[in-house]
Amino acid sequence: MAEQFYTVASDSETTGEDKSQASFPDVAVGIDIGTSKCSVAIWNGHQVELLKNTRNQKGMRSYVMFKDDTLSAGVTGGAAKENAHEERDILSGSAIFNMKRLIGRMDTDEVVQASKTLPFLVQTLGIGVRPFIAALVNNMWRSTTPEEVLAIFLLELKALVEMHLKHPVRNAVLTIPVAFSRFQQTRIERACAMAGLHVLRLMPEPTAVALLYAQQQQQLVHDNMGSGIEKIALIFNMGAGYCDVAVAATAGGVSQIRALSGCTAGGEDILQNIMRHVLPNFDGIYAGQTMDRIKSMSLLRIATQDAIHRLVSQESVEINIDLGNGHMVSKVLDHSEFEQVNRAIFDKCEKIINQCLADAKLVPEDINDVILVGGCSKIPRIRSLVLGLCKKEVSYKNIDALEAAVSGAALEGAIASGVNDPSGSLDLLTIQATPMNLGIRADGDSFAAIIPRNTTVPARRDMLFTTTHDKQTEALIAVYEGEGERAEDNHLLGYFKITGIPAAPKGAVDISVCMDIDAANVLRVFAGVVKPQGPAIPPFIEVRMPTLDDGHGWCGQALAKMYGRILDLAVLPKKLQP
Amino acid sequence: MAPPLLSPPLLADALATPPRSFLCSRPTRQLPTVGLAGAVRGDRGRWSVRRRDPRVFATSTEADRERSEEDVADDYYSVLGVMPDATPEEIKKAYYSCMKECHPDLSGDHPDVTNFCMFINEVYSVLSDPAQRAVYDEIHGYTATAINPFFDDSAPKDHVFVDEFTCIGCKNCANICPGVFQIEEDFGRSRVYSQSGSTELIQDAIDSCPVDCIHWTSAAQLSLLENEMRRVERVNVGLMLAGMGASINVFRMASARWEKRQAKVLEKARTRMVKQETSDTRSSWSEVWASSPPRDDQSNGDGEASERAKRAAAAARRWREFSRRGADRPPTHKLPEAVGNKD
């Protein structure tokens, strides 16, 4: 064994240029596609390396331009374009951005509603189907979907990586927000499949940061020959689209996620709030996309964005814009006004931090380090809020706010690909946890959680149910995910029927529903009759979730209306199970 | 083709010594029992790739067959490779080490690996919860003042157990109460498959059993009995009746093992008192005389304790099923040979 290691090392030494290719041909890349920025990283044999595009950028804009019948993603961003022009082009209606905010959402979602004022076309019908999205091409709206846009983007990203590594890339680890539902995760996986990438793991962003933190702590222990004492970190991640919190315990290279929580609040929401604040009747003025309105909106958006950025380091900023058609904006914005306008967002952040600490059964004094990552973590109010809740004066310094998630994803990619580093830099493990409750509808419209939130992954749990009618021979299993007490408040993942239940008085039959999540986060549901036993009992049914592709809202309502009463199940009182 | 597995002493050393990066301020002790995860998975470095060859797993199973009785994991503590008096920090470190051995991220996405990882997670969830651990300790005899469940008449006997050494496989109970009892095809005898059944039908099955092999038990007794059965190799009922007929009183064995565990606790307590170590609070047995879960849980009353005991029994049953499928080490307790019966 050791000899084999030496052989590999010797071979690497003699052919230095081919070391990466020869040693790790199948290592998975780490990809962090943020709502506004994305980055890609890979384990290069010694450490995590963030790859740069042709403009020498590590962080690339997350958009796809559809102008003049040619597609170009933000990976390259075109040749030799000025920043100002690039921003104006992105906001001209010909580019689709905010894919991560839109992917996998229904048109009843408030995030989708808020996106209707974006320069590209977002149409909703309000019946729980996918929104209609289109880009302006040759003065025509051309339809597309967030998955397609993301796939185009990933294709360019893949080309960039392969150009750098000089060999094909197949596997990837992607970071996702904690608040992503399983349906949204399947959309990400489909976009990756369209781009020729296989998703090895989907990692919640703070979990990826926790893995990077675990590696740093381990190296610290190596360097200082200190005790392998456990450290607990609270990781707060707020980007343009999402806000996530995790509490992770780390010791000896193992990162155990104790609790996760997240919500859809981010820089985009802050931007929208400020735009509406500086321009009253914002929604009225910009209802319907016309050419002059699109142009006017882009001016406002650029100016507001710039003001928010400057506010990070200044006490107050001026916003002066001529929007045309007699609309003028002339305003001075200071910190207190900024915080007042965005109070709801900051309250949301506070709520998920407190929930995360409570779920982990910790008090702020138990936290050793506070790690702030994501673009919005630079906002002074955010920093003071998080540090205040954790009773800390300063945050952890050794992690870059914008590169942490993708670095952690690259580490996980190397570990899950089976890379073994002699120096011990990859002697790491992430013990993940489920971010949401998983269960089925039972007892009318109640939600019976079978795998509770923050259960360690991989996990398998089962629960017993029974019939609600005499001689009931079928049962509907509707699988939901979420935090609500009623099934209707949660995400419907899929459904199937159990048939062939022996006709018996109600409550006389035991039906087991088992949920299994493996390390790749694949959810399977097993259901069947366990009592009475006999040759007439049909086999168990195994269904991989989610199965629904569209129309979760009205599908759930239709199921409840058609089958909710006659195929209902009741939760059995807890008893010892085989 | 696969290198031979480490012998038990070396394996114990490998497990007892934390990984290089896992330096402990506390001096390392030689653990008397080998952690289950370490024994099953072996040293990760011995394979050139992380993905395990299924044949290696088979080899491991064969090699394990030669281990002595002491190598069979006796309880959740030995599954993780710690002593029953381990502190919560020690349990967590052991859990992390086990996860490094058996987590799918490091060992591949083989179903057996995933199943075993789930099992370790379940063991850790019991031992890391102080209230749940207290219930477990009391059931298994790790509390000095605990009462042997087989002599505790206060617990309700609401669980059912088939003494498989007495069962002759007549199928009577499976006919009377098919929701609870099932005949195992491999062994031709009856087993309890579900505890959710009609009490009247179960009683009918008990009354009509020709060899009186079905018993009402308490949840705690069932935990101990299932744990004992996990350690015993079983043969087809026909073979047993034909001449390998020496029976084992599984009740007596489980009870004796419980007494043995408590005796160790008492001995350790006496040693501590003699050395006047009353100020030592590192050990979780600083409350070695506690006879109930932590005070804050006492207010929940008997219902809570009963629920925890039931969960412990269910976990013991799942562990037995897990062992039976071969992912665990095989049992080393064998039924006596027919020739021994002539003595």
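Values in this document were obtained by computation on a predicted structure and should not be read as measured data.

Colleague: I'd like a description of the overall build of chain B, backed by residues and values.
Modeller: Along chain B, the regular secondary structure elements total 16 helices and four strands. By the burial criterion, 51% of the 343 residues in chain B qualify as buried. A separation threshold of at least 6 residues defines the contact pool for chain B, and within that pool the share at least 24 residues apart is 76%. Of the roughly 15,800 Å² of accessible surface on chain B, a fraction of 54% belongs to carbon and sulfur atoms.

Colleague: Break down the sheet that holds strand β19 (residues 429–431) of chain A for me, citing the residues and quoting the values.
Modeller: Residues and elements named next belong to chain A. Read across the sheet, five strands follow the order β18-β13-β14-β15-β19 without closing on themselves; strand pairing throughout is mixed. Only two strands of the sheet have a single partner each, and these edge strands are β18 (369–373) and β19. Across this sheet, the average inter-strand angle for adjacent strands is 25°, counted without regard to direction. Of the pairings in the sheet, the one linking strand β15 (residues 254–263) to β19 comprises three bridges and is parallel in character. By the bridge assignment for β19, V254 is matched with L429.

Colleague: Which residues make up the packing of aromatic side chains, and what values do they have?
Modeller: Describing an aromatic ring pair means giving the distance of the ring centres and the angle of the ring planes. All names here are of chain B. Summed over the entire model, instances satisfying the criterion amount to nine aromatic pairs over all chains. Ring geometry for Y95 against Y96: centres 6.0 Å apart, planes inclined by 45°, an arrangement best described as tilted. Given a relative accessible area of 1%, Y96 falls into the buried group. Considering the side-chain rings of F161 and F251, the 5.8 Å spacing of their centres and the 85° angle between planes classify their relative orientation as edge-to-face. A residue pair is termed long-range when its members are at least 10 positions apart, and F161 in strand β1 (residues 159–162) and F251 in helix α13 (residues 250–274) qualify at 90 residues. Ring pairing ties together the aromatic residues Y95, Y96 and Y124, which thus form one cluster.

Colleague: So what's going on with the nonpolar core? Residues and values would help.
Modeller: Membership of the largest hydrophobic core comes to 173 residues, with the highest contact counts inside it found for I31(A), L154(A), L157(A), L234(A), F236(A) and I120(B). Those residues within four positions of I31(A) in sequence are excluded, and the remaining contacts are S39(A), V40(A), L154(A), L157(A), A172(A), V173(A), L174(A), T175(A), L197(A), V406(A) and A409(A).

Colleague: Residue-level account of the environment of R130(A), with values.
Modeller: Topologically, R130(A) is positioned in the loop between β8 (121–123) and β9 (132–137). Separated by 23 residues in sequence, R130(A) and D107(A) place their C-alpha atoms 5.6 Å apart.

Colleague: Run through the confidence of the model for chain A, naming residues and quoting values.
Modeller: All names here are of chain A. Residues with a pLDDT of 70 or more make up 89% of chain A, whose mean pLDDT is 81. In this model residues 1–24 is a low-confidence stretch, pLDDT under 50, and it forms 20 contacts with partners more than four residues away in sequence or in other chains. Predicted confidence is poor over residues 78–85, with pLDDT under 50, and the contacts of this stretch with residues over four places away or in other chains come to four contacts.

Colleague: I'd like to hear about the side chain of D568(A), residue by residue, with values.
Modeller: Residues and elements named next belong to chain A. Looking at the secondary structure, you find D568 in the loop between α16 (552–563) and β28 (569–571). Nearest to the buried, unbridged D568 among oppositely charged side chains is R441, at 5.3 Å. Within the structure, the side chain of D568 is placed 2.8 Å from the backbone nitrogen of G444, a separation counted as a polar contact. In contact with D568, not counting residues within four places along its chain, are A442, D443, G444, T468, Q472 and Y563.

Colleague: Residue-level account of the confidence of the model for chain B, with values.
Modeller: Regions with low pLDDT should not have their predicted coordinates read in detail. Residue and element names in this part refer to chain B. Looking at chain B, pLDDT values average 62 and 51% of them are 70 or higher. Note on residues 1–72: pLDDT under 50 across the span, and 141 contacts to partners over four residues away in sequence or across chains. Per-residue pLDDT stays below 50 along residues 324–343; that stretch engages in 50 contacts with residues further than four places along the chain or on separate chains.

Colleague: Explain helix α13 (residues 343–359) of chain A to me, and be specific about the residues and the numbers.
Modeller: All names here are of chain A. Compared with an ideal rise of 1.5 Å per residue, which puts 17 residues at 24 Å, α13 spans 24 Å between its outermost C-alpha atoms and is within 8% of the ideal. Three or more residues of α13 are buried, namely I345, F346, C349, I352, I353, C356 and L357. Seen along its axis, α13 keeps its buried residues to an arc of 135°; they face one direction. In α13, the exposed positions angled more than 90 degrees off the buried face are occupied by A344, K351 and A358. The inward-facing, buried residues of α13 abut β13 (231–238), β14 (243–251), β15, α9 (267–278), α12 (335–341) and α14 (380–389).

Colleague: Could you give an account of the pairing of β13(A), naming the residues involved and the relevant values?
Modeller: Residue and element names in this part refer to chain A. Burial analysis of β13 places seven of its eight residues in the buried class, the great majority of the element. As paired strands, β13 and β14 are joined by eight bridges and run antiparallel to one another. Across the sheet, residue I232 finds its bridge partner in β14, namely A249. Counting the residues between successive antiparallel strands, the hairpin from β13 to β14 contains four residues. Looking at chain direction, β13 and β18 are connected through five bridges and run parallel. Bridging from a neighbouring strand, N237 pairs with V373 of β18.

Colleague: Run through the sheet that holds β9(A), naming residues and quoting values.
Modeller: Residue and element names in this part refer to chain A. With respect to topology, three strands assemble into an open sheet ordered β8-β9-β10, the strand pairing being antiparallel. A strand with exactly one partner marks an edge of an open sheet, and here the two such strands are β8 and β10 (140–144). Looking at each pair of strands side by side, their axes are set apart by 35° on average, direction ignored. With three bridges joining them, β8 and β9 adopt antiparallel strand pairing. In the strand pairing of β9, Q123 is matched with F132.

Colleague: How would you explain the packing of helix α5 (residues 88–102) of chain B against helix α7 (residues 111–127) of chain B if you had to name every residue and give the values?
Modeller: Residues and elements named next belong to chain B. Packing of α5 against α7 brings their axes to within 10 Å, and their N-to-C directions diverge by 175°. Classified by the interaxial angle, the pair formed by α5 and α7 is roughly antiparallel. Together, I91, K92, Y95, C98, M99 and C102 of α5 and V113, F116, C117, I120, N121, Y124 and L127 of α7 make up the contact between the two elements.

Colleague: Quick rundown of unusual backbone geometry? Include the residues and the values.
Modeller: Residues and elements named next belong to chain A. The step from V457 to P458 runs through a cis peptide bond, and the omega angle for that step is 0°. Tracing the sequence through the fold places P458 in the loop between β21 (446–451) and β22 (459–467). Of note, the phi angle at D443 is positive, near 55°, even though the residue is not glycine. Tracing the chain through its elements places D443 in the loop between β20 (438–442) and β21. A positive phi angle, close to 70°, is found at N454, a residue other than glycine. Along the chain, the position of N454 falls in the loop between β21 and β22. The buried category is assigned to N454, whose relative accessible area is 15%.

Colleague: I'd like to hear about the pairing of β20(A), residue by residue, with values.
Modeller: Residue and element names in this part refer to chain A. In terms of burial, β20 is a largely internal element, five of the five residues being buried. As paired strands, β20 and β21 are joined by five bridges and run antiparallel to one another. Across the sheet, residue G439 finds its bridge partner in β21, namely A449. Following β20, the chain reverses through three residues before pairing antiparallel with β21; D443 in that reversal takes a positive phi of roughly 55°.

Colleague: Go over the state of the cysteines with me, naming the residues and quoting the values.
Modeller: Linking two cysteines covalently through their sulfur atoms gives a disulfide. The final tally for this structure, using the stated rule, is zero disulfides over all chains. Looking at C173(B), it has no disulfide partner, and the nearest cysteine sulfur is the one in C170(B), 6.4 Å off.

Colleague: Summarise the pattern of salt bridges; cite the residues concerned and give the values.
Modeller: In total, this model carries 17 salt bridges over all chains according to the counting rule given. As a salt-bridge pair, D269(A) and R101(A) come within 3.0 Å of each other at their nearest N and O atoms. With D269(A) in helix α9 and R101(A) in helix α4 (residues 99–102), the pair connects residues that are 168 residues apart, well separated along the chain. There is no split in this pair, since D269(A) and R101(A) are both buried. One salt bridge connects D105(B) with R201(A), and the closest N-O pair in it is separated by 2.5 Å. Within this pair, whereas D105(B) is found in helix α6 (residues 104–107), its partner R201(A) is found in strand β12 (residues 198–204), the two belonging to separate chains. Residue classification places D105(B) among the buried positions, given a relative accessible area of 3%. Several salt bridges share partner residues, and in doing so they unite R201(A), E412(A) and D105(B) into one network.

Thresholds applied
- Residues numbered from 1 in each chain as written.
- Chains lettered and ligands numbered in written order.
- Predicted model: local features only at pLDDT ≥ 70, side-chain atom pairs only at ≥ 80, totals over all residues.
- Heavy atoms only, no water.
- Helix = DSSP H or I, 4+ residues; strand = E, 2+ residues; numbered from the N terminus.
- Buried < 20%, exposed > 50% of the residue type's maximum accessible area, 1.4 Å probe, protein only.
- Contact = heavy atoms within 4.5 Å.
- Areas by Shrake-Rupley, 256 points an atom, 1.4 Å probe, with all protein chains shown as cover.
- Pairing = 2+ DSSP bridges.
- Axes fitted to C-alpha atoms, helices over the stretch in contact; angles between N-to-C directions.
- Phe/Tyr/Trp six-rings, centres within 6.5 Å; stacked < 30°, edge-to-face > 60°.
- Core = buried A, V, L, I, M, F, W, Y, C linked by side-chain atoms within 4.5 Å.
- pLDDT = per-residue confidence, 0-100.
- Lys, Arg positive; Asp, Glu negative; His and termini not counted.
- Salt bridge = Lys/Arg side-chain N within 4 Å of Asp/Glu carboxyl O.
- Polar contact = N/O pair within 3.5 Å; in protein donor to acceptor, adjacent residues only side chain to side chain.
- Expected span 1.5 Å × (residues − 1).
- Arc of directions from axis to C-beta.
- Parallel < 35°, antiparallel > 145°, perpendicular 65-115°, else oblique.
- Disulfide = S-S within 2.5 Å.

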